[in-house]
Amino acid sequence: MKTVRLYKLFLILFLLASVVRIWKIEGLGYFMLDEERDAFLVRRMLVDHRPLLIGGAIPGGINVGPLFFYISSIPYFLSNLNPIGPAYAAALVGVLSVTGVYFIGRKLFDGKVAILATVFSGFSLLNIIYHRPWWPLTMSQLVTLIAYLALWNLTRSDLERSQGRTLRRWPLILVGALIVGAQSDPSTLSLIPLSIFWLWWKRKQIKLSKKLVVGMIGLFLLAHATWFIFELRHDFLNTRAAVGLFSGVFKGPALADAK
């Protein structure tokens, strides 16, 4: 009965969270400089048939991979390049994120914690606002939840490790989440060192084979194949920017112009 009450309460929260994200989204959503840039690049792919090798730039002048723009092309294509279509898609991803907070919260903690987290996630003013435009932050919450769930499942003692399919599933899900995160918003890049540390710390419990680890690394690098092609064609532009940033030599455009 307790579980039934929790599900009923979640259903109410789910419906309310959906309404506040979709209600009057045409007027409450926003479409500013970043969204205009993304829409322009997606249009180049859909109309001019010009594929992208890299994605947007993060602080430091370093470009990430282009996967976000290829994902963005789906709602833009379905809405015939009308920005309202991606806004509804962002709201849908937001609702999925709120749903993920509840179900993953129940797995990692308990029902009460899951309900409380769902309330914060579903009705936080900033979270609602950020779930209306289609931009790189749209998928960050969902990507983070999936990465946490994958890491948690890899350390479960009750997993049937005799089944190779079960052993491979969660590492692949984890890598998929890291790829989407790394090629969308820079805030999710922190999931990469977190995952590496967690897998190393729990290595005796997880017991991933070397072949599987190499496969995970290879899959992540393969997803950045176009990024490496761009680097070769442009004299390692992003690599030099990264080296300059971490060595303290790189100076942003605004600082350079000020001098």
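Residues numbered from 1 in each chain as written. Predicted model: local features only at pLDDT ≥ 70, side-chain atom pairs only at ≥ 80, totals over all residues. Heavy atoms only, no water.

> Before we move on, could you go through helix 6 (residues 111–123) and cite the residues and values that matter?
With 13 residues, helix 6 should cover 18 Å at 1.5 Å per step; its first-to-last C-alpha distance of 18 Å lies within 8% of that length. Among the residues of helix 6, Gly111, Ala114, Ile115, Thr118, Ser121 and Gly122 are the ones counted as buried. Buried residues of helix 6 fall within an arc of 130 degrees about the axis and therefore sit on the same side. Residues of helix 6 that are exposed and point more than 90 degrees away from the buried face comprise Lys112 and Phe120. Buried-residue contacts for helix 6 involve helix 1 (2–22), helix 5 (84–108), helix 7 (125–130) and helix 8 (140–154). One side-chain oxygen at the N-terminal end of helix 6 lies 3.2 Å from the backbone nitrogen of Lys112; it belongs to Asp110. (Helix = DSSP H or I, 4+ residues; strand = E, 2+ residues; numbered from the N terminus. Expected span 1.5 Å × (residues − 1). Buried < 20%, exposed > 50% of the residue type's maximum accessible area, 1.4 Å probe, protein only. Arc of directions from axis to C-beta. Contact = heavy atoms within 4.5 Å. Polar contact = N/O pair within 3.5 Å; in protein donor to acceptor, adjacent residues only side chain to side chain.)

> Describe the packing of aromatic side chains, listing the residues and the values that go with them.
The full count for this structure, using the stated rule, is 12 aromatic pairs. Taken together, a centroid distance of 6.1 Å and an interplanar angle of 65 degrees make the contact between Tyr7 and Tyr102 edge-to-face. Remark: Tyr102 occurs in helix 5 and Tyr7 occurs in helix 1; sequence separation between them is 95 residues. Given a relative accessible area of 39%, Tyr7 falls into the partly exposed group. With centroids separated by 6.0 Å and ring planes inclined at 40 degrees, the aromatic side chains of Phe10 and Phe14 adopt a geometry described as tilted. With Phe10 and Phe14 both in helix 1, this residue pair falls 4 residues apart, about one helical turn. Put simply, the rings of Tyr7, Phe10, Phe14, Tyr102 and Phe103 pair up and form one aromatic cluster. Directly above the aromatic system of Tyr7 lies the positively charged group of Arg106, at a separation of 5.3 Å from the ring centroid. (Phe/Tyr/Trp six-rings, centres within 6.5 Å; stacked < 30°, edge-to-face > 60°. Lys NZ or Arg CZ within 6 Å of the ring centre and 35° of its normal.)

> A description of the nonpolar core should follow, citing residues and the corresponding values.
Within the largest apolar cluster, 35 residues are counted, with the highest numbers of intra-cluster contacts made by Phe69, Leu154, Leu174, Leu199, Leu208 and Met216. When residues of this core are traced back to their parent elements, those giving at least two are helix 3 (33–46), helix 4 (67–78), helix 5, helix 8, helix 9 (164–182), helix 10 (191–201) and helix 12 (210–222). With sequence-adjacent residues up to four places away left out, Leu199 is seen in contact with Leu151, Leu154, Leu174, Ile206, Leu208 and Met216. (Core = buried A, V, L, I, M, F, W, Y, C linked by side-chain atoms within 4.5 Å.)

> Any chance you could break down the environment of Arg43 for me, citing the residues and the numbers?
Within the secondary structure, Arg43 sits in helix 3. With relative accessibility at 39%, the residue Arg43 sits in the partly exposed group. It is 31 Å that separates the C-alpha atoms of Arg43 and Leu125, two residues lying 82 residues apart in sequence. Once residues lying within four places of it in the same chain are set aside, the contact partners of Arg43 are Asp48 and Leu81.

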